[in-house]
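# Structural overview
Take a look at the letters that make up each chain.
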Amino acid sequence: MGDVVNLLDHDLDGLSAYCEGLGEKRFRATQLFRWIHQKGAKDFASMTDLAKSLREKLAGRAEIRGLPVLTEQVSSDGTTKWLFDVGGGNAVETVFIPEDDRGTLCVSSQAGCAVGCRFCSTGHQGFSRNLSTGEILAQLWFAEHRLRERLQLPAGERAITNVVMMGMGEPLQNHQALVPALRAMLDDHGYGISRRRLTVSTSGVVPMIDRLAQDCPVALAVSLHAPTDALRDQLVPLNKKYPLSELLAACHRYLEFAPRDFITFEYCMLDGVNDTLEHARALIELMHHGAGRGLNAKFNLIPFNPFPASGLRRSTASAVQRFAQHLQDQGFVTTVRKTRGDDIDAACGQLAGDVKDRTDVSRRMNRSPIPI
Ligand code: SAH
Ligand code: SF4
């Protein structure tokens, strides 16, 4: 007998194809998919209304294989961080952020990250490997059902209403595994997350932004962090390959597939590096007269979350305020991200997991001072 198939590796179409291979109709696959994702079933025996013949076929051939949980930490504000073992000495992190009107899960897409941004602790760790669709989905599958239990939600009520691909890794460098995972998240038979409540965040992998538009045009967040190529080259090394003009052109193309939408630009606020009024003016110039002209855009300022090896400092509250005010005065909706789960190191860019660097990114990383 061949390898045991992990059913978490499939979106509904994939599961239907698999079931057809076993001689089963699509509606059986839908039933199975609902058991797995809506009810959080871990084994086939519990799927009481699923034909016995199918349950027998699945036994031994397939399984629902989640990720081993290494730790669960709950912050005083309810933010919860899980560390999952993905084998080979690697671990990834997933964070749940409760708010009054929603529950957001921040999901990882890779063990480590090869982009190597200066201000990101995942980037400093280097890259080990892409997660599979099943490993991406397992984070949501586990968290949703764990939270329903903990929060004792009434049947049918969901704990997680929003998903952001903002954990460890660059999701668009793992496009192939990402897309079926997104589809399962969107599926009404799966998690029923609406397209605008599912966000992919990217450091700017231009060709893959176009692919995502074709395959699954969910909400897009772009990690900008700098108004000029000279500075962005220093902060986000991928900028040397895909400079701002190409990145912003890709944003324009993306919105053609998601018309009434907007792009969220994330901007990590680094003291003295990218947070002065000159930087804010240069950013407005880029958005009003440069490659960003006419783009429906919002800004999300993220005060830098420091970690020891970065050698960088968080912007002062007044610098963040001044920067935000300038963007707002020029007509851009601008939010400042609140830091959540401080006491458990669950904030953006603090997700370090535990990664066996296989590419030596951390050694190659440019550690020279950033020209201000
Ligand atoms: N790789 C993707 C998604 C993961 S990072 C990306 O870069 O977009 C999610 C967000 O957190 C990104 O905007 C990233 O730039 C930001 N971030 C990374 N490290 C940070 C830090 N130390 N402090 C604040 N934000 C950080
Ligand atoms: Fe990778 Fe995103 Fe961190 Fe940059 S900010 S190193 S792209 S995870």
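Below or above, wherever it landed, is the structure these notes cover.

### A few points about unusual backbone geometry
Excluding glycine, residues mostly carry a negative phi; peptide bonds, for their part, are mostly trans. Within the chain, glutamine 152 stands out as a residue other than glycine whose phi angle is a positive 50°. For glutamine 152, the location among the structural elements is in the loop between helix 5 (133-151) and strand 9 (162-165). Glutamine 152 gets classed as exposed once you look at its relative accessible area, which sits at 68%. In this model, histidine 225 sits at a positive phi of 70°, which is unusual for a non-glycine residue. One can find histidine 225 in the loop between strand 11 (219-223) and helix 8 (229-235).

### Some points on the site of ligand 2
By nearness alone, every residue bordering ligand 2 is listed as Cys113, Val115, Gly116, Cys117, Cys120, Gly123, Gly169, Glu170 and Ser203. Residues of the shell around ligand 2, tallied by class, amount to 4 nonpolar, 4 polar and 1 charged.

### Structural notes on helix 11 (residues 317-329)
Given a rise of 1.5 Å per residue, 13 residues ought to cover 18 Å, and the 18 Å separating the end C-alpha atoms of helix 11 matches this to within 8%. Those residues of helix 11 that sit buried are Ala319, Val320, Phe323, Ala324, His326 and Leu327. Looking straight down helix 11, one finds that the buried residues subtend no more than 160° of arc, so they occupy a single side. Turned more than 90 degrees away from the buried face of helix 11, the exposed residues are Ala317, Ser318 and Asp329. Buried residues along helix 11 sit against strand 12 (263-269), helix 10 (277-288), strand 13 (297-303) and strand 14 (334-336). In the segment just after helix 11, glycine 331 is the residue with positive phi, at about 95°.

### Quick notes on the site of ligand 1
Inspection of the region around ligand 1 gives 20 residues, with Phe119, Ser201, Ser223, His225 and Asn305 positioned closest. Within the contact set of ligand 1, an oxygen atom lies 3.1 Å away from a side-chain nitrogen or oxygen of glutamate 266. Burial of ligand 1 by the protein amounts to 96% of the accessible area it has alone, namely 530 Å². Elements represented by at least two residues in the shell around ligand 1 include exactly strand 10 (198-202), strand 12 and strand 13. Counted by class, the shell around ligand 1 contains 9 nonpolar, 9 polar and 2 charged residues.

### Thoughts on the packing of aromatic side chains
In the structure shown here, the tally under the stated rule is 6 aromatic pairs. Aromatic side chains tyrosine 267 and phenylalanine 323 sit 4.9 Å apart centroid to centroid with 35° between the ring planes, which places their arrangement in the tilted category. Of this pair, tyrosine 267 sits in strand 12 while phenylalanine 323 sits in helix 11, and the two are 56 residues apart along the sequence. Put simply, the rings of Trp82, Phe84 and Phe142 pair up and form one aromatic cluster. Lysine 39 extends its terminal NZ or CZ atom over the ring of tryptophan 35, reaching a point 4.1 Å from the ring centre. Taking NZ or CZ as reference, lysine 298 lies 3.8 Å from the ring centre of phenylalanine 262, over its face.

### With respect to the side chain of serine 128
Within the fold, serine 128 resides in strand 8 (residues 127-130). You can call serine 128 buried: its relative accessible area is 9%. Of note is the side chain of serine 128, whose polar atom sits 2.9 Å from the side chain of asparagine 90.

### Topic: the pattern of salt bridges
Where charged atoms from two side chains of opposite charge come close, those side chains can pair. Tallied over the entire structure, the rule returns 19 salt bridges. The salt bridge involving arginine 146 is made with glutamate 72; its shortest N-O contact spans 2.7 Å. Taken together, the residues arginine 146 in helix 5 and glutamate 72 in strand 3 (residues 69-74) connect sequence positions 74 residues apart. Residue glutamate 72 is classed as partly exposed on the basis of its relative accessible area, which comes to 30%. A salt bridge links arginine 337 to glutamate 266; its shortest N-O distance comes to 3.4 Å. In this pair, arginine 337 sits in the loop between strand 14 and helix 12 (361-364) while glutamate 266 sits in strand 12, placing the two residues 71 residues apart along the sequence. Judged by its relative accessible area of 22%, arginine 337 falls in the partly exposed class. Residues participating in the shared-partner salt-bridge network are Glu24, Arg28 and Lys57.

The rules behind these values
- Residues numbered from 1 in each chain as written.
- Chains lettered and ligands numbered in written order.
- Predicted model: local features only at pLDDT ≥ 70, side-chain atom pairs only at ≥ 80, totals over all residues.
- Heavy atoms only, no water.
- Helix = DSSP H or I, 4+ residues; strand = E, 2+ residues; numbered from the N terminus.
- Buried < 20%, exposed > 50% of the residue type's maximum accessible area, 1.4 Å probe, protein only.
- Near = heavy atom within 4 Å.
- Nonpolar A, V, L, I, M, F, W, Y, C, P; charged D, E, K, R; others polar.
- Expected span 1.5 Å × (residues − 1).
- Arc of directions from axis to C-beta.
- Contact = heavy atoms within 4.5 Å.
- Polar contact = N/O pair within 3.5 Å; in protein donor to acceptor, adjacent residues only side chain to side chain.
- Areas by Shrake-Rupley, 256 points an atom, 1.4 Å probe, with all protein chains shown as cover.
- Phe/Tyr/Trp six-rings, centres within 6.5 Å; stacked < 30°, edge-to-face > 60°.
- Lys NZ or Arg CZ within 6 Å of the ring centre and 35° of its normal.
- Salt bridge = Lys/Arg side-chain N within 4 Å of Asp/Glu carboxyl O.

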